Amino acid sequence: MDWKEIYRVLDQVFDTERCLDRLREIWERDKWNDYSRYEDTANYCLDSMKAAGLKDTETLYLKADGKTCYGDWVIPLAWKAERGVLCYADGEVIADYQKNPCSLSMYSPSTDGVVEGEVVDVTGMDEFPSDGSLKGKILLSDRPNAAIARKAYNAGAIGVLSDQVPLHEGIRDSRKELYDDCVWQGMSWKRPTVFGFKLTPRQGDRLREQLKKASVRLTADIKTQFYEGVNNTVSGALMGIDPSLPEVFSYAHLYEPGANDNASGSAALLELAACFEEAIARGLLPRPKRTIRFAMGGECTGSMGYMLAHPQRKMLCGGVVDMIGTESIDRTQLSLRYDPIANWSYADAALDLSVRLYGEYKNVKNDFKSMYFADELGTDNIIADPIFNTPSVALVASPALSYHSSFDTPERIQPEILKRNSLILGVYLYGLADADAETCSMLERELKARLIRENASQLHPRKKRHNEEAFFRARYSLRRIDGTLDYEKPVEEALPMPEYAAERGNDVPERLVKGCLTLHGRPELKNPPYCVAWNGKMNVPLFWIDGKRSLWQIAVQTALELNLCSDEEIREKFEELVAYFDFLAEQRYLAWK
């Protein structure tokens, strides 16, 4: 089917106001950072899927108990908040959870009534004295509460206050750009610890000025509860003509307090589901060959839980949306996030095609960023891990001015941006769901165009060859859409193994834990030697493990993916992976065959 026709239909039936209403409904529930409210969010989304006409709807109950692993991802112990008020001794309110939920640090414990303490400014300090001088005090810091709460507890303090604002060059250059907003940050859910509030920078500055003149005492009254709960993933399907064909999967995460991050993505999926059902019912689009499944839940934990719960469900590809409701107002730009090189496929080409045709359809120039998995690991396209055989791309506009703050409200959503990004995803999903031999020809052209772009710069010959091999693998992947395509199975040309690699180079690793690693599944590791969580470069080597490649082959592929092409750089990567994989084997993430 002509993909521009899909754009014309979706442009006609997409109801921006309805999508914004869905966004507000999600935000009104999620802004409280409360697991009991999260259950309400999940129920709302599931009801919306049913109302849209989706079939095979499901609630997947994932345990929020701080123990259960989904792959290597652990959902913290569930937390709910009823009250959180911080006041000066004279009763003037500084922070009130009921008025600004982000002002109470998520996972803050209760105070068991009103407590009072003198404020001590520990700005700039990472370590605190153990001489008892902070006993009973409330500490004011420019560090995240999560970074200092346990240290404060050990020093005898009763609470922490933070006005820290993470900065990002060109996006958020000064804490004063969020001067009257507080950043959404949690604390460790592992107790014991101290209570925590997030202040606005203005409140923090005022408090520091007061402390220069005299001592200040504050009162805190917090009522929260920790319990073993759930963090649900909900899903529903737009049924395709042929249920035997692999499905097209879409995901957006819930359970964060931002309208943009990520009520925008979840609302977009709900609206697209309604649009597809309406367009098919009205005869504007034929029912696609393949089923399109819509799912939403916790970020990474929810998508990982879904993949592990449905290993029998064949998926052609995935599409993820996260923070797609703003652009210029947030000083951000949409990024197209591709599969890891080990899994380059038709999904990447379909995203490029959808973006290019949107520009032609609207007669506009697309100015989007390209992001690669090694550079940016931080949303639900972690399911692009080849171990799931579900190549997946993502649309994400990050970083952003309002990111993870009370500034991220529905009023700041740009309707035209929300619709544009939703349509790009919608054409990607439907186009692949109805893909045929003609579609494969279009996708092959997009793959060739990307190879030309990638190799146009002055790259090392090894890197260029690495890209060419990736292209041949991606072209071969088109056979999953049309099995009659006459492509030879690609063969990797490994570099000769040098003498230094002879002892370990032929060892073959096998993955024992599916998905990207966090080390959260090994809580006994207090200070692990590797920072794996959210680290693309530390997860990329895992993607090359297929039970057949040797350690030497994996090291070469990993080095070239990271543009480390010289003999010395490849040697360093090999030696690094020997130690890294041995560590993972010790922790039962890998086994040596």
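Report on the accompanying structure. If you're wondering where the values come from, they're calculated on a predicted model, not measured in any experiment.

Remarks on the pairing of strand β11 (residues 217-227)
Most of β11 sits inside the fold, with 8 of its 11 residues counted as buried. Two strands pair when backbone bridges link them, and strand β5 (residues 78-88) and β11 are joined in this way by 10 bridges, in the antiparallel orientation. Paired with C87 across the strands is T219, a residue of β11. One ladder, built from 5 bridges, connects strand β7 (residues 114-121) with β11; its direction is antiparallel. In the strand pairing of β11, G117 is matched with L218.

Overview of the environment of K369
Among the secondary structure elements, K369 is positioned in strand β18 (residues 369-371). Leaving out residues up to four positions away in the same chain, K369 has contacts with Q333, L334, S335, L336 and S398.

Description of the pattern of salt bridges
Enumeration over the complete set of coordinates arrives at 55 salt bridges. For E5, the salt bridge identified is with R8, shortest N-O distance 2.9 Å. Here E5 and its partner R8 are both found in helix α1 (residues 3-13), 3 residues apart, which amounts to about one turn of the helix. For R8, a relative accessible area of 36% puts it in the partly exposed group. Between E82 and K223 there is a salt bridge; the shortest N-O distance is 3.6 Å. With E82 in strand β5 and K223 in strand β11, this pair connects stretches of sequence that are 141 residues apart. Accessibility expressed as a relative area gives 45% for E82, which makes it partly exposed. Salt bridges linked by common partners bring R18, R22, E271, E278 and R282 together as one network.

What about the packing of helix α2 (residues 16-30) against helix α9 (residues 415-433)?
α9 packs onto α2 with a crossing angle of 95 degrees between their chain directions and a minimal axis gap of 10 Å. With respect to α9, the axis of α2 lies roughly perpendicular. Only P415, L418 and K419 of α9 make contact with α2, whose side of the interface consists of T16, C19, L20 and L23. Looking at the contact of α2 with α9 residue by residue, the classes come out as 5 nonpolar, 1 polar and 1 charged.

Considering the packing of aromatic side chains
Counting across every chain of the model gives 22 aromatic pairs. Their ring planes at 40 degrees and their centres at 6.3 Å tell us that F276 and F294 sit as a pair that is tilted. Highlighted residues: F276 in helix α6 (residues 263-281) and F294 in strand β15 (residues 292-297), separated in sequence by 18 residues. An identical accessibility class is assigned to F276 and F294; each is buried. Relative to W552, the ring of Y500 has its centre 6.1 Å away and its plane inclined at 75 degrees; by these criteria the two rings are edge-to-face. Taken as a pair, Y500 in the loop between α11 (461-477) and β20 (509-511) and W552 in helix α13 (residues 551-561) lie far apart in primary sequence, 52 residues in all. Here Y500 falls in the partly exposed class, since its relative accessible area comes to 28%.

About the thresholds
Residues numbered from 1 in each chain as written. Predicted model: local features only at pLDDT ≥ 70, side-chain atom pairs only at ≥ 80, totals over all residues. Heavy atoms only, no water. Buried < 20%, exposed > 50% of the residue type's maximum accessible area, 1.4 Å probe, protein only. Helix = DSSP H or I, 4+ residues; strand = E, 2+ residues; numbered from the N terminus. Pairing = 2+ DSSP bridges. Contact = heavy atoms within 4.5 Å. Salt bridge = Lys/Arg side-chain N within 4 Å of Asp/Glu carboxyl O. Axes fitted to C-alpha atoms, helices over the stretch in contact; angles between N-to-C directions. Parallel < 35°, antiparallel > 145°, perpendicular 65-115°, else oblique. Nonpolar A, V, L, I, M, F, W, Y, C, P; charged D, E, K, R; others polar. Phe/Tyr/Trp six-rings, centres within 6.5 Å; stacked < 30°, edge-to-face > 60°.

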